[in-house]
Amino acid sequence: MERQLPKVTTFLMFTGQAEEAMKYYTAVFEDSAIDNVTYNEDGSVMLAQFRLADQVLLCIDSTIKHDFSFTPAISLYVTCDSEEEIDRAFSQLSEGGEELMPLGDYPFSRKFGWLIDRFGVSWQLNLP
């Protein structure tokens, strides 16, 4: 079911891993789903819409090779509801990725972690 997009929507451009990333992300977060996928003739994702909890995101597989990718200067910021949720999400998302700030107690948060996942997307997870 395709939902109406909010006025401002996060748009992720992958280079061949869009479908794999969507499936991975929707498995990490509860109440998440892939809503709609349109494919190019070669099977890559032309445009897809998916939800992580109540956040709608769009993504594509770029058909053009670029000299740039994702940057940690922009992150998906997730406010977790429990210690179990933040531990599980951080463990799954950091697998094959890179920890920028290990999951821990910081002056601004009782539990926080920042990472880049295996697809290059930056995540900040917080337990207020």
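Heads up: the structure comes first, above all this text.
What counts, and where the lines are drawn
- Residues numbered from 1 in each chain as written.
- Predicted model: local features only at pLDDT ≥ 70, side-chain atom pairs only at ≥ 80, totals over all residues.
- Heavy atoms only, no water.
- Buried < 20%, exposed > 50% of the residue type's maximum accessible area, 1.4 Å probe, protein only.
- Helix = DSSP H or I, 4+ residues; strand = E, 2+ residues; numbered from the N terminus.
- Contact = heavy atoms within 4.5 Å.
- Polar contact = N/O pair within 3.5 Å; in protein donor to acceptor, adjacent residues only side chain to side chain.
- Pairing = 2+ DSSP bridges.
- Axes fitted to C-alpha atoms, helices over the stretch in contact; angles between N-to-C directions.
- Core = buried A, V, L, I, M, F, W, Y, C linked by side-chain atoms within 4.5 Å.
- Salt bridge = Lys/Arg side-chain N within 4 Å of Asp/Glu carboxyl O.

**Regarding helix H1 (residues 18-28)**
Inference 1: Within H1, the full set of buried residues consists of Ala18, Ala21, Met22, Tyr24, Tyr25, Thr26 and Val28.
Inference 2: Taken together, the buried residues of H1 touch strand S1 (10-14), strand S2 (33-39), strand S3 (45-52), strand S4 (55-61), helix H2 (83-94) and strand S8 (122-127).

**Observations concerning the environment of Asp61**
Inference 1: Structurally, the position occupied by Asp61 is in strand S4.
Inference 2: Note on Asp61: relative accessible area 6%, which makes it buried.
Inference 3: Excluding residues within four positions of it along the chain, Asp61 makes contact with Phe14, Thr15, Gly16, Gln17, Ala18, Asn40, Ser44 and Val45.
Inference 4: There is a polar contact of 2.8 Å between the side chain of Asp61 and the backbone nitrogen of Gly16.

**Let's talk about the sheet that holds S2**
Inference 1: An order of S1-S4-S3-S2 is seen for the four strands of this open sheet, with the pairing classed as mixed. In this open sheet, the two strands that pair with only one neighbour each are S1 and S2. Across the sheet, the mean angle from the axis of one strand to that of its neighbour is 20°, orientation sign disregarded.
Inference 2: Relative to S3, S2 runs antiparallel, the two being bridged by six bridges. Residue Val37 lies in a different strand from S3, and its bridge partner there is Ala48.
Inference 3: On the sheet, H1 packs against S1, S2, S3 and S4 and is oriented at approximately 10° with respect to S3.

**With respect to the nonpolar core**
Inference 1: Counting residues in each nonpolar core, the largest one holds 28 residues, and the members touching the most others are Phe14, Tyr25, Leu93, Trp123 and Leu125.
Inference 2: The set of elements that each furnish at least two residues to this core consists of S1, H1, S3, S4, strand S5 (75-79), H2 and S8.
Inference 3: Counting residues per element, this core draws most heavily on H1, which supplies six residues.

**Things to note about the pattern of salt bridges**
Inference 1: Across all of its chains, the model carries four salt bridges by this definition.
Inference 2: For Lys111, the salt bridge is made with Asp87, and the minimal N-O distance between the two is 2.6 Å. Of this pair, Lys111 sits in strand S7 (residues 109-116) while Asp87 sits in helix H2, placing them 24 residues apart in sequence.
Inference 3: On the basis of relative accessible area, Lys111 is assigned to the buried category, the value being 13%.
Inference 4: Linked by salt bridges that have partners in common, Glu83, Asp87 and Lys111 make up one network.

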